[in-house]
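This is what each chain is made of:
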Amino acid sequence: MHLAAPQPSQRRRRPAPSRALWLLITAFAALLVTALPASAAAEPACSPDPETACLIGTMRTAAGDPAVGVQLEVVGPDGSETVTTGDDGRWVLAVHTAGEYTVNLDVETLPAGETLRDPTVTSRTLTIELNSQAGALFALGEPTSSGDATAEPSSASPSDTSTDSDPTTETPSTSPGTNRVAQQFANGLVFGLLLALASVGLSLVYGTTGLSSFSHGEQVTLGAILAYVGVQLVGLPLWAAALAAIAIGGATGWLQNLGIWAPLRRRRVGLTQQMIVTIGLSMALQYLFQFFFGGGRLRIVTTSSSPVRIGPVVMSVQTLISAGIAIVVLAGVAMFLMYTRTGRATRAVSDNPALAAASGIGVESVIRTVWVGATALAALGGVLTGLYFQATTWNMGGTILLLMFAAVTLGGLGTAFGALAGSMVIGIVSEMASLVMPSDMRFAGALLILILVLLIRPQGILGRRDRIG
Amino acid sequence: MDWTRILTNVAGELFAPATAAYALAAIGLNVHFGMTGLINMGQAGFMLMGAYGFAIATMNGWPVWAAVLAGLIAAAIFAIILGIPTLQLRGDYLAIVTIAAAEIARYTVRSSSLTWLTGGNAGISGNDFKGSFQNLCPLPEGSWALGPFQYSNCLSNSWWLRIVGWSLVAIAVVLVWRWMKSPWGRVLKGIREDEDAVRSLGKNVYSYKMQALVLGGLFGALGGMIYVLPSAVQADALGRTLTFNVWTILLLGGAATVFGPVLGSLIMWAVLMLIKSVLRDMPWDVITSTQAEAFSWVLVGVTLMVLVIFRPQGILGDPKEVAIDGR
Amino acid sequence: MAASTLTRKEQIARDLAHVPHKPGSTKPDPIIVADHVTRRFGGMTAVDVHHLEIQRGAITALIGPNGAGKTTLFNLLTGFDRPNSGEWSFEGTPLSRMSAAKVARSGMVRTFQLTKALSRMTVLENMRLGATGQPGENMLTSLFPPAWKGREDDITEQALELLARFKLDTKKDDFAGSLSGGQRKLLEMARALMTNPTTVMLDEPMAGVNPALTQSLLGHIEGLRDEGMTVLFVEHDMHMVRHISDWVVVMAEGRVVAEGPPTTIMQDQAVVDAYLGAHHDTDLGDDSLLDDDVIDQLEEEAEAEEHSRAEDGE
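Definitions and limits used
- Residues numbered from 1 in each chain as written.
- Chains lettered and ligands numbered in written order.
- Predicted model: local features only at pLDDT ≥ 70, side-chain atom pairs only at ≥ 80, totals over all residues.
- Heavy atoms only, no water.
- Phe/Tyr/Trp six-rings, centres within 6.5 Å; stacked < 30°, edge-to-face > 60°.
- Helix = DSSP H or I, 4+ residues; strand = E, 2+ residues; numbered from the N terminus.
- Buried < 20%, exposed > 50% of the residue type's maximum accessible area, 1.4 Å probe, protein only.
- Axes fitted to C-alpha atoms, helices over the stretch in contact; angles between N-to-C directions.
- Parallel < 35°, antiparallel > 145°, perpendicular 65-115°, else oblique.
- Left-handed = near helix turned anticlockwise from the far one by under 90°.
- Contact = heavy atoms within 4.5 Å.
- Nonpolar A, V, L, I, M, F, W, Y, C, P; charged D, E, K, R; others polar.
- pLDDT = per-residue confidence, 0-100.
- Salt bridge = Lys/Arg side-chain N within 4 Å of Asp/Glu carboxyl O.
- Patch = residues over 30% accessible without salt bridge, like charges linked within 9 Å, V, L, I, M, F, W, Y side chains within 5 Å.
- Areas by Shrake-Rupley, 256 points an atom, 1.4 Å probe, with all protein chains shown as cover.
- Lys, Arg positive; Asp, Glu negative; His and termini not counted.
- Charge placed at Lys NZ, Arg CZ, Asp CG, Glu CD.

### Section: the packing of aromatic side chains
Considering all chains together, one arrives at 26 aromatic pairs over all chains under this definition. With a centroid separation of 5.1 Å and an interplanar angle of 90°, the aromatic rings of B:Phe15 and B:Phe149 are classed as edge-to-face. Placement of B:Phe15 in the loop between α1 (3-14) and α2 (17-36) and of B:Phe149 in strand β2 (residues 149-152) is noted, with a sequence separation of 134 residues between them. Classification of B:Phe149 as buried rests on a relative accessible area of 12%. Seen in terms of ring centroids, B:Phe15 and B:Tyr151 are 6.2 Å apart; in terms of plane orientation they differ by 85°. Their pairing is edge-to-face. Here B:Phe15 is found in the loop between α1 and α2, whereas its partner B:Tyr151 is found in strand β2, with 136 residues between them in sequence. Given the relative accessible area of 16%, B:Tyr151 is considered buried. Among the aromatic residues, ring-to-ring pairing joins A:Tyr287, A:Trp394, B:Tyr22, B:Tyr227, B:Trp269 and B:Trp297 into one connected group.

Right, dumping it as structure tokens:
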């Protein structure tokens with residue numbers, strides 16, 4: 001992994017910017033800039049979930065008692081809404097669209113004798129994401145010239161839209177069966193299979209090029225979003241949209257390799273450096289998705305699939321079909337790696353690129369195939385995961401990415417079959433974890449396994465020890 | 001377009017507490033990466049430890065010094081737990097494990113089962129933990145204006161916080177400068193270049209890497225405290241994006257340089273504010289402010305890619321000396 | 001100087017005169033004693049050394065064809081690899097399973113086959129890094145220069161002396177990465193000496209070195225012995241070895257197959273057999289092989305090997 005400043009001879013070649021890739025994504029997405037459907041409805045109570053955000057506040061008098069009956073007008077993307085503080089001085093407004101909201105305080109409705117501590121500030125602006133809550137505070141008391149009233153999170157804070165809230169802490173599209181353990185195990189199997197689609201590709205890329213690609217998660221998101229676009233915006237049937245998503249996903253892999261990774265390899269840019277490039281790419285793509293599709297949930301199909309009971313387990317027909325597709329495709333990938341010439345060449349390159357090159361294998365063409373295959377698999381994984389979680393979001397892939405890394409590391413970096421095994425373990429662990437820990441921490445459980453594995457068997461389940469330093 | 005206001009916003013960003021917080025986090029990352037060659041992809045996790053440690057300790061009535069210490073200790077423990085399994089492994093393992101550990105920390109503090117302690121998803125409201133820090137403020141009550149910049153003296157996004165934040169940055173810069181020029185820094189630099197060579201000379205590489213990991217994590221934790229003091233503690237604001245921003249800042253300013261992290265932070269936030277302000281002020285209604293925000297993050301990602309490919313030494317680095325090299 | 005060299009060399013030759021020429025023979029004053037050391041990679045046994053003693057103060061060469069396990073044994077002895085079984089001691093202290101850093105601190109310092117010059121540090125900084133007893137290498141002490149400046153001056157003086165001896169003093173402010181292959185070898189050796197070792201372990205010190213520097217390198221190695229240090233070095237070619245070594249240990253397929261003085265070792269049937277696999281077209285005992293063409297060729301081979309290894313390391 002040696003990388004110094006580029007050698008003079010390497011410096012001559014500049015990689016062509018991946019203009020083609022950007023064009024593709026931008027052109028595709030530009031067709032579809034649409035306002036998100038949403039309706040803001042005032043509810044007495046509010047708890048944030050992936051479709052809901054809560055604007056909250058508490059008004060207290062200078063003496064610290066609840067200020068009852070204060071009216072506030074909240075102006076947001078979906079119009080305006082007026083709320084009144086309750087007996088406890090609290091007000092709550094549930095909204096279903098992410099964006100910027102302005103909270104205007106009606107000074108006339110303040111309890112008699114009360115004044116704002118900072119009379120000039122009667123309105124607060126908040127930017128809020130779904131699945132989160134934000135408060136607007138107006139402090140009452142003796143007027144001072146200072147601005148004690150604070151908006152939280154402060155609109156000046158750079159963190160506003162850079163939050164990493166998770167869409168996939170959502171329950172999958174199954175209703176619980178009679179036996180919770182069996183149900184969670186079955187869910188884990190399905191999730192593991194879907195995860196495997198993405199992580200096998202990640203593992204192949206790592207095996208052939210040595211690159212830990214952090215942008216692989218966005219390839220998954222891309223698949224899901226393309227399916228959403230195909231079904232909801234273009235009106236294609238699901239199967240056609242999925243095929244289109246896979247084809248476009250694979251094309252982005254081909255273009256990426258052509259425009260970014262191949263030139264970087266030719267320049268002998270170090271692997272760590274390339275890894276940080278993938279991080280930059282990941283961030284750019286993620287926020288590009290947010291730019292075009294917003295922060296909300298995108299449902300690929302709006303109808304829910306009918307449940308089927310198999311022994312103690314209940315699964316939706318859609319989930320069963322997804323699992324079937326995943327099994328068939330993964331078996332196909334395994335056959336490809338075992339029995340085709342290109343597949344064997346791929347494994348040879350993973351084992352020892354120098355030796356493979358010396359024995360006449362076209363390493364670059366193998367890597368090209370791997371990139372196309374890996375991104376196409378990721379797109380398929382994205383479509384199926386999006387269906388499994390009932391919706392996708394701009395950062396779905398980013399959340400799954402770490403589970404993918406966990407799977408790949410667990411199986412042994414760079415071995416495709418290890419990635420498959422690792423994915424199943426991670427899938428089952430993250431679903432079964434909710435039996436013993438709070439369900440919003442189940443991914444933490446899966447990641448913890450990653451760290452424990454590194455502690456005990458750093459080469460992973462199927463990896464070889466000599467792969468480590 | 002109101003250029004006076006835009007430029008005022010941009011200039012305000014140059015000494016905002018958040019800019020200082022990012023500079024501190026980037027200084028910490030510089031100790032990890034620039035000085036030692038450790039690929040820490042979980043700097044946000046250290047910031048989270050600092051922020052939550054400080055806030056929770058304060059809520060339980062601890063005085064400021066003890067709360068700060070609690071945040072620092074939380075970050076140090078986090079570093080040690082991370083370092084034990086990974087510092088003996090190859091560089092990309094450290095990258096994956098640090099990012100995973102930072103995410104575990106985030107999942108944990110935002111979990112609804114810990115709402116009683118961490119506030120869960122909603123986090124900890126500012127007024128619950130800012131009091132003791134604000135009470136230390138030696139400035140008179142009220143607010144003060146320096147030209148167009150008017151802030152409260154002591155409360156929230158205040159002059160007091162700016163003074164403390166930038167003083168910490170200054171102290172950190174002096175310390176890092178001292179360390180870089182010292183024999184200790186020389187050993188770290190040797191480890192960055194080739195840890196086996198350093199090991200063969202009888203230095204306990206593992207221990208040095210651990211010291212660097214902890215030290216950088218402590219700066220990160222201080223950054224985390226400054227980061228949340230103007231507003232509130234929220235787990236999702238302390239996630240992956242934050243780490244990637246810190247990386248961009250470090251690589252922009254120049255890894256392994258003393259002033260690189262500070263310069264990177266100043267430039268990044270000023271430029272982002274400029275872009276956001278201009279986009280928001282566009283007379284036609286093309287993009288919403290959320291989109292303007294997203295667009296600015298796209299730019300950060302692209303900047304990171306371009307920097308790493310074309311100018312890995314950043315603005316201040318010496319191309320002969322600085323390189324991105326995995327351990 | 002010449003007289004003392006002869007004396008020293010002769011004295012060691014006299015000490016070793018009665019040592020039997022067979023694998024695992026006992027030495028009159030061993031500094032390293034190893035027993036039953038094995039190391040397996042997967043199904044392959046890389047090292048299986050029954051018993052080995054290294055004479056104090058002598059230059060011992062560890063030779064053998066490629067893949068004989070020399071470097072693996074070296075890595076084991078210096079703590080850079082862990083054995084599957086076995087014990088060894090250094091100056092009477094058991095060293096097995098001790099960390100590489102502790103081994104180095106106990107006085108046994110090594111160099112590497114692929115030189116590990118710290119490229120983006122200056123030559124002088126490389127040297128200073130080798131020094132021991134610098135209180136400024138403690139994180140907190142380092143913040144108070146008065147606590148370590150004194151030691152730093154001594155270190156710098158020692159470094160400059162060594163650099164002058166290795167003729168690198170004019171390069172002291174250059175980045176180590178800008179040195180030639182041979183100069184890096186010299187720098188690595190000089191840096192190792194900064195630790196004031198009692199034993200120096202050199203892994204293929206001649207690989208990739210410009211022929212012009214080979215003689216001077218050999219001279220430096222003899223110089224170490226004359227200062228009283230023990231030298232153990234790995235070499236895969238016999239011809240570099242015979243002029244300077246006092247004793248030769250031959251390995252093949254992980255085992256020690258022969259031991260003896262350099263003058264007679266190549267007649268040993270086990271050695272001939274061992275080498276026949278690798279260099280069957282070479283007359284092993286012929287001094288004419290040391291001419292420039294051959295050295296150039298060997299150097300090219302070594303460089304090619306180094307290059308391919310460097311690529312593998314990516």
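Right, picking up where we left off after that structure.
### Quick look at the packing of helix α7 (residues 317-339) of chain A against helix α12 (residues 416-436) of chain A
Residue and element names in this part refer to chain A. One can describe the packing of α7 onto α12 by two numbers: an axis separation of 11 Å at closest approach and a directional angle of 160°. Looking at the two axes, α7 sits roughly antiparallel to α12. Between α7 and α12 lies a crossing of left-handed hand. Taken together, the residues of α12 that come into contact with α7 (itself represented by Leu330, Ala334, Leu337 and Met338) are Ala416, Phe417 and Leu420. Of the residues in the contact of α7 with α12, the class split is 7 nonpolar, no polar and no charged.

### Remarks on the confidence of the model for chain C
Residue and element names in this part refer to chain C. Of all residues in chain C, 85% have pLDDT values of 70 or greater, and the mean over the chain is 84. When mean pLDDT is compared element by element in chain C, helix α5 (residues 146-165) scores highest at 96, while helix α11 (residues 292-312) scores lowest at 53. Residue range residues 279-290 is modelled with pLDDT below 50. Its contacts to residues more than four positions away, or to other chains, number 19 contacts. Here the complex is predicted with pTM 0.79, and the ipTM for its interfaces comes to 0.89.

### Some words on the pattern of salt bridges
All names here are of chain B. A full pass over the atoms with the stated rule returns 30 salt bridges over all chains. Arg5 is the salt-bridge partner of Asp2, the closest N and O atoms lying 3.9 Å from each other. Accessibility expressed as a relative area gives 39% for Arg5, which makes it partly exposed. Among the salt bridges present, the one from Arg110 reaches Asp236, with a minimum N-O distance of 2.8 Å. One end of the pair, Arg110, is in helix α5 (residues 91-110); the other, Asp236, is in the loop between α12 (205-228) and α13 (240-253), with 126 residues separating them in the sequence. Residues participating in the shared-partner salt-bridge network are Glu103, Arg106, Arg110, Asp236 and Arg240.

### Thoughts on a negative patch on the surface
Residues and elements named next belong to chain C. Together, Asp153, Asp154, Glu157 and Glu161 make up a region of like negative charge exposed at the surface. Summarising the element assignment, Asp154 is placed in helix α5. Judged by relative accessible area, which is 44%, Asp154 ranks as partly exposed.

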